[in-house]
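Here's the letter readout for the chains.
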Amino acid sequence: MHDTLPLLEKIAFPPIRRGPLDTLQINVGYRCNQSCVHCHVAASPNRTEEMSGAVIDVVLAFLERRRIATLDITGGAPELNAHFRRLAVAARDMGVRVMDRCNLTILEVPGQEDLASFLAAQQIEIVASMPCYLEDNVDRQRGKGVFDGSIRGLKKLNALGYGRDGSGLVLNLVYNPQGAALPPPQVALEADYKRVLGERYGVVFNGLYTMTNMPIQRFGSMLISKHQFHSYVDLLRHAHRDENLDGVMCRNLISVDWRGYVYDCDFNQMLDLPLAHNGHARPHLADLIADDIAGNPIRVAGHCFGCTAGQGSSCGGALKEAAE
Ligand code: SF4
Ligand code: SF4
């Protein structure tokens with residue numbers, strides 16, 4: 001795989017600093033029931049990296065001590081981590097909003113039959129990747145049969161109240177473009193998703209997050225192989241909007257890997273660019289429990305234009321809805 005970091009580090013991005021921390025995003029391991037071709041952590045059923053119970057305890061201590069509002073749990077399939085349910089219950093008991101980045105097909109995996117009921121009972125928000133509302137496109141990206149499995153998963157969640165008005169059970173979907181293009185306006189695409197998934201499958205959900213593809217990992221490597229890397233980065237740079245700088249997610253979030261090491265965001269985690277803090281080469285979450293990192297500089301490079309191009313992009317979708 002081509003490494004895009006040497007190219008990205010040569011591209012200047014405006015300096016930005018951290019604001020108050022409100023979200024802890026943690027990657028609890030790379031094991032997954034799927035092995036999608038585009039997966040940015042190369043997750044698969046054979047991966048063994050997993051956040052340990054000891055690191056989960058540090059996460060819980062951090063949530064409590066720093067009074068973090070939101071815990072965003074990613075993987076792999078995060079639910080396969082042996083400590084997932086203990087973590088989720090303890091965080092919810094503290095009043096933390098918990099988000100599970102769920103791939104939907106995990107709901108059918110043997111041993112996970114009660115997962116949907118568990119998530120609903122704990123009022124855990126679900127963020128589910130659904131790169132298209134068309135079967136062929138989803139199966140091409142994520143594997144044969146994944147679309148049908150995802151629809152069954154969505155129906156199961158809807159039956160529990162997820163995505164339905166007044167239930168308090170939030171179900172959001174995530175879209176990212178199939179190739180080297182910016183995502184379409186989020187509001188218009190959300191309306192299309194709601195119409196098609198509703199009419200064809202009777203599925204409902206709350207919101208759609210559109211995310212820009214980052215020129216890193218497998219996608220970045222593919223761009224280099226196809227000689228599209230520079231044209232894609234130019235597309236992002238030309239679509240940059242200064243006003244998006246205030247809303248980039250790294251101002252209020254830190255990303256933690258399965259070992260407990262900390263990064264400004266998930267993308268920097270994938271590029272192995274650790275958070276800058278007090279001269280630590282690689283700060284661990286345990287090092288930050290007593291420290292306030294507001295005001296620290298954020299490690300930026302050319303990939304950051306993926307967050308500020310057009311309507312902007314974050315783990316919560318578009319930053320602006322002006323580009324409707
Ligand atoms: S479902 Fe998600 S984590 Fe699992 S292989 Fe696919 S993209 Fe990776
Ligand atoms: S890529 Fe990460 S560090 Fe760069 S702007 Fe986006 S969230 Fe911030």
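This text follows the structure it describes.
Just so we're clear, the structure is a prediction, and the values are computed from it rather than from any experiment.

Enquirer: Outline the site of ligand 1, listing residues and values.
Expert: Around ligand 1, the structure places Cys32, Gln34, Ser35, Cys36, Cys39, Ala43, Gly76, Asn103 and Arg142. When the residues that make up the shell around ligand 1 are grouped by side-chain class, the tally is 4 nonpolar, 4 polar and 1 charged.

Enquirer: Now, about the environment of arginine 282: what can you tell me, with residues and values included?
Expert: Mapped onto the elements, arginine 282 comes out in the loop between α10 (266-270) and α11 (285-288). Classification of arginine 282 by relative accessible area gives partly exposed; the value is 31%. Contact partners of arginine 282, with chain neighbours within four places excluded, come to Arg259, Tyr261, Tyr263, Asp272 and Pro274. A polar side-chain atom of arginine 282 sits 3.1 Å from a polar atom in the side chain of tyrosine 263.

Enquirer: Tell me about the pattern of salt bridges, and name the residues and values.
Expert: A full pass over the atoms with the stated rule returns 13 salt bridges. When the shortest N-O distance is used, the salt bridge between arginine 18 and aspartate 264 registers 2.9 Å. Placement of arginine 18 in the loop between α1 (5-8) and β1 (23-27) and of aspartate 264 in the loop between β8 (262-263) and α10 is noted, with a sequence separation of 246 residues between them. Look at arginine 18 and you get buried, because its relative accessible area is 5%. Look at aspartate 264 and you get buried, because its relative accessible area is 0%. Arginine 97 is paired through a salt bridge with glutamate 125; the nearest N and O atoms lie 2.7 Å apart. Note that arginine 97 is positioned in strand β3 (residues 97-102) and glutamate 125 in strand β4 (residues 125-129), a separation of 28 residues in sequence. The exposure class of arginine 97 is partly exposed, given its relative accessible area of 35%.

Enquirer: Could you give an account of the site of ligand 2, naming the residues involved and the relevant values?
Expert: Looking at ligand 2, the residues that line it are Met249, Cys250, Cys265, Phe267, Asn268, Ile298, Arg299, His303, Cys304 and Cys307. Across the shell around ligand 2, the residue classes break down as 7 nonpolar, 2 polar and 1 charged.

Enquirer: Account for the environment of glycine 29, naming residues and giving values.
Expert: Mapping glycine 29 onto the fold places it in the loop between β1 and α2 (53-66). A residue is classified by how much of its surface remains accessible, and glycine 29, at 6% relative accessible area, is buried. Sequence separation of glycine 29 and leucine 5 is 24 residues, and the distance between their C-alpha atoms is 23 Å.

Enquirer: Could you give an account of the packing of helix α5 (residues 135-142) against helix α6 (residues 146-159), with specific residues and numbers?
Expert: Angle between the axes and distance between the axes are the two parameters that describe a pair of packed helices. Viewed as axis vectors pointing N to C, α5 and α6 meet at an angle of 105°, and their least axial separation amounts to 7 Å. Here α5 lies roughly perpendicular to α6, going by the angle between them. Here Glu135, Val138, Asp139 and Arg142 of α5 come into contact with α6, specifically with Val146, Phe147 and Asp148. For the contact of α5 with α6, a count of residues per class yields 3 nonpolar, no polar and 4 charged.

Enquirer: Go over the nonpolar core with me, naming the residues and quoting the values.
Expert: Counting residues in hydrophobic clusters, the biggest one holds 101 residues, and the most contacted among them are Leu24, Ile26, Leu71, Leu173 and Tyr193. Considering every element that reaches this core, the biggest residue donor is α2, with 7 residues. Not counting residues up to four positions away in its chain, the partners in contact with leucine 173 are Ala128, Met130, Leu154, Tyr193, Leu197, Phe205, Gly207, Leu208 and Tyr209. Counting 5 residues, the second largest nonpolar core, distinct from the first, contains Met99, Val127, Val174 and Tyr209.

Enquirer: So what's going on with α5? Residues and values would help.
Expert: By the burial criterion, the buried members of α5 are Asn137, Val138, Asp139, Gln141 and Arg142. Turning to α5, the residues buried within the fold contact β4 and α6. At the C-terminal side of α5, glycine 143 shows a positive phi close to 115°.

Enquirer: Tell me about the sheet that holds strand β2 (residues 70-74), and please be specific about residues and values.
Expert: One open sheet accounts for 8 strands, arranged β6-β5-β4-β3-β2-β1-β7-β8; its pairing is mixed. Looking along the sheet, the strands with just one partner apiece sit at the ends: β6 (207-210) and β8. Sheet topology places strand β7 (residues 253-256) next to β8; 2 bridges connect them, and they run antiparallel. When the bridges of β8 are listed, serine 255 appears paired with tyrosine 263.

Definitions and limits used
Residues numbered from 1 in each chain as written. Chains lettered and ligands numbered in written order. Predicted model: local features only at pLDDT ≥ 70, side-chain atom pairs only at ≥ 80, totals over all residues. Heavy atoms only, no water. Near = heavy atom within 4 Å. Nonpolar A, V, L, I, M, F, W, Y, C, P; charged D, E, K, R; others polar. Helix = DSSP H or I, 4+ residues; strand = E, 2+ residues; numbered from the N terminus. Buried < 20%, exposed > 50% of the residue type's maximum accessible area, 1.4 Å probe, protein only. Contact = heavy atoms within 4.5 Å. Polar contact = N/O pair within 3.5 Å; in protein donor to acceptor, adjacent residues only side chain to side chain. Salt bridge = Lys/Arg side-chain N within 4 Å of Asp/Glu carboxyl O. Axes fitted to C-alpha atoms, helices over the stretch in contact; angles between N-to-C directions. Parallel < 35°, antiparallel > 145°, perpendicular 65-115°, else oblique. Core = buried A, V, L, I, M, F, W, Y, C linked by side-chain atoms within 4.5 Å. Pairing = 2+ DSSP bridges.

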